[in-house]
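Chain by chain, the residues:
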Amino acid sequence: MAQQVGFESDIRPLFREKDVQSMSAKFDLSSYDDVKASAQPILAAVASGSMPCDGAWPAERVALFRDWVDAGCPA
């Protein structure tokens, strides 16, 4: 059975400090509650390549975030 993806162990490390700073006006990428509340828009942005602003995530990072969202955004 696959191990469940968690925010602190798997998702939070996807966001660099510069990502947290650049998105701080919209949400706090270092906060579980903020990322969970905005999970769908964040997923859309990383899937489209519009976030982060300095280059798209590799497909495996997008898939990891999508798996976390699909699992209900577990803490």
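Up top is the structure.
Residues numbered from 1 in each chain as written. Predicted model: local features only at pLDDT ≥ 70, side-chain atom pairs only at ≥ 80, totals over all residues. Heavy atoms only, no water.

Chemist: Residues and numbers for the overall build of the protein, please.
Modeler: Within the protein, the regular secondary structure consists of 5 helices and 0 strands. Taken against the 2.2 N^0.38 rule, which gives 11 Å for 75 residues, the C-alpha radius of gyration of the protein at 11 Å falls within 12% of a compact globule. Expressed as lengths along the three principal axes of its C-alpha atoms, the size of the protein is roughly 35 × 25 × 20 Å. Looking at the 75 residues of the protein, the share that counts as buried comes to 39%. (Helix = DSSP H or I, 4+ residues; strand = E, 2+ residues; numbered from the N terminus. Rg over C-alpha atoms; globule rule 2.2 N^0.38 Å. Buried < 20%, exposed > 50% of the residue type's maximum accessible area, 1.4 Å probe, protein only.)

Chemist: I'd like a description of helix α4 (residues 39-48), backed by residues and values.
Modeler: Turning to α4, its buried residues number three or more, namely Ala-39, Ile-42, Leu-43, Ala-45 and Val-46. Taken end-on, α4 shows its buried residues confined to a sector of 165°, consistent with a single buried face. Within α4, the exposed residues directed more than 90 degrees away from the buried face are Gln-40 and Ser-48. On its buried face, α4 sits against α3 (32-37) and α5 (59-70). Just downstream of α4, Gly-49 is the residue with a positive phi angle, here 90°. (Arc of directions from axis to C-beta. Contact = heavy atoms within 4.5 Å.)

Chemist: Tell me about the packing of aromatic side chains, and name the residues and values.
Modeler: Under the defined criterion, the tally for this structure stands at 7 aromatic pairs. An angle of 70° between the planes, with centres 5.6 Å apart, marks the rings of Phe-7 and Tyr-32 as edge-to-face. Here the residue Phe-7 occupies a position in helix α1 (residues 7-11), and Tyr-32 occupies one in helix α3, the gap between them amounting to 25 residues. Look at Trp-57 and Phe-65: their rings are 6.2 Å apart centre to centre, the planes differ by 70°, and that puts the pair in the edge-to-face class. There is no split in this pair, since Trp-57 and Phe-65 are both buried. Through a chain of ring-to-ring contacts, the aromatic side chains of Phe-7, Phe-15, Tyr-32, Trp-57, Phe-65 and Trp-68 assemble into a single cluster. (Phe/Tyr/Trp six-rings, centres within 6.5 Å; stacked < 30°, edge-to-face > 60°.)

Chemist: Please provide a residue-by-residue account of the side chain of Asp-19, values included.
Modeler: Relative to the assigned elements, Asp-19 resides in helix α2 (residues 17-22). Assessed through its relative accessible area of 6%, Asp-19 is described here as buried. Ignoring sequence-local partners within four residues, the contact set of Asp-19 consists of Leu-14, Leu-29 and Pro-52.

Chemist: Hey, could you go over the nonpolar core for me, with residue numbers and the actual values?
Modeler: With 22 residues, the main nonpolar core has Phe-15, Leu-29, Ile-42, Phe-65 and Trp-68 as its most contacted residues. Put simply, the parts of the chain that give this core at least two residues each are α1, α4 and α5. For this core, the element with the most residues is α4, which contributes 5 residues. Contacts of Phe-65, omitting those with residues within four sequence positions, involve Ile-11, Leu-14, Phe-15, Val-35, Ala-39, Ile-42, Leu-43 and Trp-57. (Core = buried A, V, L, I, M, F, W, Y, C linked by side-chain atoms within 4.5 Å.)

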